[in-house]
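# Structural description and commentary
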Amino acid sequence: MIRVTCWNEYYKERMDETCKKAYPNGIHEAIKEVLSTDEHIICRTATPDEPECGLTQEALDATDVLIWWGHINHHLVPDEVAARVVHRVLNGMGFIALHSGHMSKPFMKLMGTSCDLRWRESEDHERLWCVNPGHPICAGLPPYFEIPKEETYGEFFDIPKPDEVVFLGWFSGGEVFRSGCCFTRGAGRIFYFQPGHESNPVYKQKEVGQVIRNAVHWAAPAFTHTAVFGEFASLEKK
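Every value quoted in this text rests on a predicted model; they were computed, and no experiment measured them. (Residues numbered from 1 in each chain as written. Predicted model: local features only at pLDDT ≥ 70, side-chain atom pairs only at ≥ 80, totals over all residues. Heavy atoms only, no water.)

## Details of the packing of aromatic side chains
With the rule as written, the count across this model stands at 12 aromatic pairs. Where Phe107 meets Phe183, the ring centres are 6.4 Å apart and the plane angle is 75 degrees; that geometry is what we call edge-to-face. Of this pair, Phe107 sits in helix α6 (residues 105–111) while Phe183 sits in strand β8 (residues 176–185), and the two are 76 residues apart along the sequence. Overall, the relative accessible area of 0% leaves Phe183 in the buried class. On the basis of an interplanar angle of 55 degrees and a centroid distance of 5.3 Å, the ring pair of Phe157 and Tyr192 is categorised as tilted. Of this pair, Phe157 sits in the loop between β6 (144–154) and β7 (164–171) while Tyr192 sits in strand β9 (residues 188–193), and the two are 35 residues apart along the sequence. Comparing Phe157 with Tyr192 shows no difference in burial state: the two are buried. An aromatic cluster of at least three residues, connected via ring pairs, comprises Phe107, Tyr153, Phe157, Phe177, Phe183 and Tyr192. (Phe/Tyr/Trp six-rings, centres within 6.5 Å; stacked < 30°, edge-to-face > 60°. Helix = DSSP H or I, 4+ residues; strand = E, 2+ residues; numbered from the N terminus. Buried < 20%, exposed > 50% of the residue type's maximum accessible area, 1.4 Å probe, protein only.)

## Overview of the pairing of β9
Burial analysis of β9 places 5 of its 6 residues in the buried class, the great majority of the element. As judged from the 4 bridges shared by strand β4 (residues 94–98) and β9, these two strands associate in the parallel manner. From the neighbouring strand, Leu98 faces β9, where its bridge partner is Phe193. Relative to β9, β8 runs antiparallel, the two sharing 6 bridges. Directly across from Cys182, in β9, lies its bridge partner Phe191. Where β8 folds back on β9, the antiparallel hairpin that results is connected by 2 residues, among which Gly186 adopts a positive phi of roughly 60 degrees. (Pairing = 2+ DSSP bridges.)

## A closer look at the nonpolar core
Counting residues in hydrophobic clusters, the biggest one holds 38 residues, and the most contacted among them are Ile67, Phe167 and Phe191. Of the residues forming this core, the biggest block, 7 residues, is contributed by helix α7 (residues 206–219). Judged by nonpolar contacts, the second largest core, of 29 residues, contains Val77, Cys115, Ile159 and Tyr192. (Core = buried A, V, L, I, M, F, W, Y, C linked by side-chain atoms within 4.5 Å.)

## Notes on the side chain of Glu175
With respect to the helices, strands and loops of the structure, Glu175 is situated in the loop between β7 and β8. Side chain to side chain, Glu175 and Arg120 meet in a polar contact 2.9 Å long. For Glu175, the contacting residues outside a window of four places in its chain are Arg120, Thr152, Tyr153, Gly154, Gly169 and Trp170. (Polar contact = N/O pair within 3.5 Å; in protein donor to acceptor, adjacent residues only side chain to side chain. Contact = heavy atoms within 4.5 Å.)

## Topic: the sheet that holds β6
On the basis of which strands lie adjacent, the open sheet formed by 9 strands has the order β2-β1-β3-β4-β9-β8-β7-β5-β6 and mixed pairing. The open sheet has two edge strands, β2 (41–46) and β6, and neither has a second partner. The mean inter-strand angle of the sheet, taken between neighbouring strand axes irrespective of direction, is 25 degrees. Bridge analysis of strand β3 (residues 65–69) against β4 gives 5 bridges, and the strand direction is parallel. By the bridge assignment for β4, Ile67 is matched with Ile96. Sitting on the sheet, helix α3 (residues 27–35) touches β1 (2–8), β2, β3 and β4, and the angle it makes with β2 is about 175 degrees. (Axes fitted to C-alpha atoms, helices over the stretch in contact; angles between N-to-C directions.)

Encoded structure:
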């Protein structure tokens, strides 16, 4: 089983009626429901309402892949919690940053750049192209799929050069965006996926759910070896 923790700042769904209508139980519960259709995945959720934001060392040690959705309260995540997440990623935990999770403390620390971009809340429609069709995250998907209403993100997206770009998004306003990007940091695999504005039920769309399930499988640790650092003795007898 792949042990997933889905973390969500869980703010707009409680404060905004449009967001509450789209996700009455929160984005984290919607994603958990999507993952529940995969018999190889077990998912728990976490929010900032819990001690240490639900991301204690014990919780992270029991997590193979951490999914992160955040928007306007990134600053409320304590630095020590973000550092704990980064340490786990470097040691093999997968990390999936969704939508505005590009500005989360863990993602920014892992990227080492501003992670800023251009955006517009216009409810344009988006067409996501699978530009790397042989990649495991594209499994079971058509060459492209449409999202009827989505917040527009546009280049330039200030991230390091991805190991692989999996999806390219085109918006009806004319913008394009690297909407699905893969990275490796230490022993951990990282996937950034752009769709998921909180006022639109994007995570209930079939193709988006397929991407997230595929990404969980891709990002899950592939081995259990832990790197050892520091001074060591010679293996050869002198």
